[in-house]
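Commentary on secondary and tertiary structure
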4 protein chains.
Amino acid sequence: MYVTKIEPRVSETDGAGHINNTTIPIWFEAGRNEIFRLFTPDLSFKNWKLVLANMNVDFVRELYYGKEVKIHTWIGRIGNSSFVVKEEIYQEDMLCARGTATYVNYDLKRKQSQPIPDEIRDILQTHMMEN
Amino acid sequence: MYVTKIEPRVSETDGAGHINNTTIPIWFEAGRNEIFRLFTPDLSFKNWKLVLANMNVDFVRELYYGKEVKIHTWIGRIGNSSFVVKEEIYQEDMLCARGTATYVNYDLKRKQSQPIPDEIRDILQTHMMEN
Amino acid sequence: MYVTKIEPRVSETDGAGHINNTTIPIWFEAGRNEIFRLFTPDLSFKNWKLVLANMNVDFVRELYYGKEVKIHTWIGRIGNSSFVVKEEIYQEDMLCARGTATYVNYDLKRKQSQPIPDEIRDILQTHMMEN
Amino acid sequence: MYVTKIEPRVSETDGAGHINNTTIPIWFEAGRNEIFRLFTPDLSFKNWKLVLANMNVDFVRELYYGKEVKIHTWIGRIGNSSFVVKEEIYQEDMLCARGTATYVNYDLKRKQSQPIPDEIRDILQTHMMEN
């Protein structure tokens, strides 16, 4: 499991006084940096591979400015060319949001999906968890 | 159905050359302004009602900077205190993203959900569509 | 002068109840789309020319969610390879923010600035104003 | 001097392949969290004090996704009710952006500026630097 710590920003709140709901996908994406690095080791956009097919977020509890946030990121399922990232956001040890992101390994030049290479699949499997 | 036109911004793209996937929930939220106004006619945050419980997005096709985008927003289902917004994004008449957002009518002071008032329910029903 | 209309988004407010100050540069950039198009007619990032050297913003009055905003964008000064964009944001006919942005016409492959072509200079000059 | 470390996010880049220029004010604001806490110890928006009057940014060098960024934040000048924050962004030990932010200590209910309290002034002074 990958753990990413984030310090909320004023600009990430909204007028209702909490973290705006559109900030959550931004934080979840920030928690996937190490997964992006698996597919594109130099993190250059020229060699970018992963395309997001679906995102789903359950908003469980309000998040606030002023207290550190932890993103938990792991792998839920691995298919032939796609896989599911599972992710949770905690603040003060309480679950605040939970989501999934389905990525496809994609050749952006040929415009077609590609099987996930075995060496990446092996690493992804070490980050699989049941829940 | 509500239709909202948006001109993409450079800041909404990412290094892969397209609109970043975290921009989509921001645009979908922008398309719900008239729904927010139904529940909070003066749009003041002091009287804010709606809390997002779940968002789901299918990314169908890349979106680009430089071409106007249309958000289609309608109502999919109305429960006692919650309802589902359905939404699509089109660019050059092609479907690029499709989502749902589940909102709860919530009393932020008493911290409990509230039935949707009949006069709002009636208006929401005029924006219901099957798909 | 270019005029761009923007409908504020919930995600652009912050906990203090107004539009967050980091939203202002985003709106100003949105107001420069037609200037970007002058230098890169197809608006493709492969052919992108303009690099921002400086931005300055005076925050004059709070901006609010719920009321349309107008961006005024014009040209203040044209040098050999650089030029200054001047810009203002109005809400309900009141000036709320005022800024300048200094852009350099830049060859991103050769990594050096380039003179502004005469045909673009002529068009920029039609958008010059004293203030 | 305050130092804040930030891991760039994909959503903070733009189609030109670098960090978008509108991300810089967001990062600078993130670097001011400890200054906000001086004026509003519980960081609640109900008790918020500081209003931004001016921001100025020099863009010195492109910033990239994939490499940690450091924000340096210090105090440049303290007036009666206002003060100037000075700030720089470094990536791989190279200066990439430099800015100032002028804040006013403001009573949001009475809508008037207030002198900076002596105990806060004393702490701000320990963060003053010449440059």
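Higher on the page you've got the structure.
Counting restarts for each chain: residues are numbered from 1 in the order of the written sequence. Working convention: letters from A go to chains and numbers from 1 go to ligands, in the order in which they are written. The predicted nature of this model means local features are confined to residues of pLDDT at least 70 and side-chain atom pairs, given and counted, to a pLDDT of 80 or more, with totals for whole chains, interfaces and linings taken over all residues. With hydrogens and water excluded, all non-hydrogen atoms of the structure serve as input to the side-chain values.

Things to note about the overall build of chain A
The following threshold applies: Segments assigned H or I by DSSP are reported as helices when at least four residues long, segments assigned E as strands when at least two residues long, and all are numbered from the N terminus. Values of the radius of gyration come from C-alpha atoms, whereas the globule rule sets the reference at 2.2 Å times the count of residues to the power 0.38.
Helices and strands together make up the secondary structure of chain A, namely three helices and six strands. The secondary structure elements of chain A, listed N-terminal to C-terminal, are β-α-α-β-β-β-β-β-α. Taking 131 residues into account, the globule formula puts the C-alpha radius of gyration at 14 Å, and chain A, at 16 Å, falls close to it. The principal-axis extents of the C-alpha atoms in chain A amount to approximately 45 × 30 × 25 Å.

Topic: the nonpolar core
The condition that has to hold: For this analysis, a nonpolar core means a set of buried residues of the types Ala, Val, Leu, Ile, Met, Phe, Trp, Tyr and Cys, connected via side-chain atoms within 4.5 Å. The cut-offs for exposure are 20% and 50% of the maximum accessible area for each residue type, with area from a 1.4 Å probe on protein chains only; residues under the lower value are buried, those over the upper are exposed, and the others partly exposed. The contact criterion used is simple: two residues touch if any of their non-hydrogen atoms lie within 4.5 Å.
Residues C:Ile24, C:Phe83, D:Ile24, D:Trp27 and D:Phe83 are the most contacted members of the largest nonpolar core, which totals 73 residues. Other than its neighbours up to four places away in sequence, C:Ile24 contacts C:Ile19, C:Val57, C:Phe59, C:Leu63, C:Ile89 and C:Ala97. If you look at the next biggest cluster of nonpolar residues, it comprises 72 residues, including A:Ile24, A:Phe83, A:Leu124 and B:Ile71.

A word on the relation of the copies chain A and chain C
Put simply, the rule reads: The superposition of copies rests on a least-squares fit of C-alpha positions from residues with pLDDT of 70 or more in both.
Expressed as a screw operation, the relation of chain A to chain C combines 0.0 Å of axial shift with a rotation of 180°, fitting to an RMSD of 0.0 Å. The two molecules are tied by a two-fold rotation axis, judged by turn and shift. Distance from the rotation axis, computed per C-alpha, reaches its smallest value in chain A at A:Asp14: 1.9 Å. A share of 100% of the interface residues of chain A reappears at the interface of chain C, consistent with the copies meeting face to face through the same patch.

Remarks on the relation of the copies chain B and chain A
Aligned on chain A, chain B shows an RMSD of 0.0 Å; the corresponding rotation is 180° and the shift along the axis is 0.0 Å. When you check the interface residues of chain B against chain A, 100% turn up at the interface there too, and the contact is symmetric in its surfaces.

Digging into the pairing of strand β3 (residues 69-78) of chain D
Residues and elements named next belong to chain D. What counts here: For two strands to count as paired, DSSP must find a minimum of two bridges between them.
Among the ten residues in β3, seven count as buried, and that is most of the element. Across five bridges, strand β1 (residues 2-6) lies against β3 in antiparallel orientation. Following the sheet pairing, lysine 5 is matched in β3 by lysine 70. Following β3, the chain reverses through three residues before pairing antiparallel with strand β4 (residues 82-91).

Here's the deal with the packing of aromatic side chains
Defined as follows: Side-chain rings of Phe, Tyr and Trp, where Trp is taken by its six-membered ring, are said to pair if the distance between their centres is within 6.5 Å; with planes under 30 degrees apart they count as stacked, over 60 as edge-to-face, and otherwise as tilted.
Overall, the coordinates contain 28 aromatic pairs over all chains when judged by the stated rule. Ring geometry for A:Trp48 against D:Tyr65: centres 6.1 Å apart, planes inclined by 65°, an arrangement best described as edge-to-face. Pair noted here: A:Trp48 is in the loop between α2 (33-39) and β2 (50-59) and D:Tyr65 is in the loop between β2 (50-59) and β3, and the two residues belong to different chains. Like D:Tyr65, A:Trp48 is buried. Clustering of aromatic rings is evident, with ring pairs tying together A:Phe36, A:Phe39, A:Phe45, A:Trp48, A:Phe83, A:Tyr103 and D:Tyr65.

A look at the interface of chain A and chain C
The test is simple: A simple way to read buried area is as the amount of 1.4 Å-probe accessible surface that goes missing from two parts once joined, with both sides added. Should a side-chain nitrogen of Lys or Arg be within 4 Å of a carboxyl oxygen of Asp or Glu, the pair is scored as a salt bridge.
Every contact between the two is made by eight residues of chain A and, on the other side, eight residues of chain C. With both chains or domains summed, chain A and chain C bury close to 530 Å², and 54% of this area falls on carbon and sulfur atoms. Applying the counting rule to chain A against chain C returns zero salt bridges.

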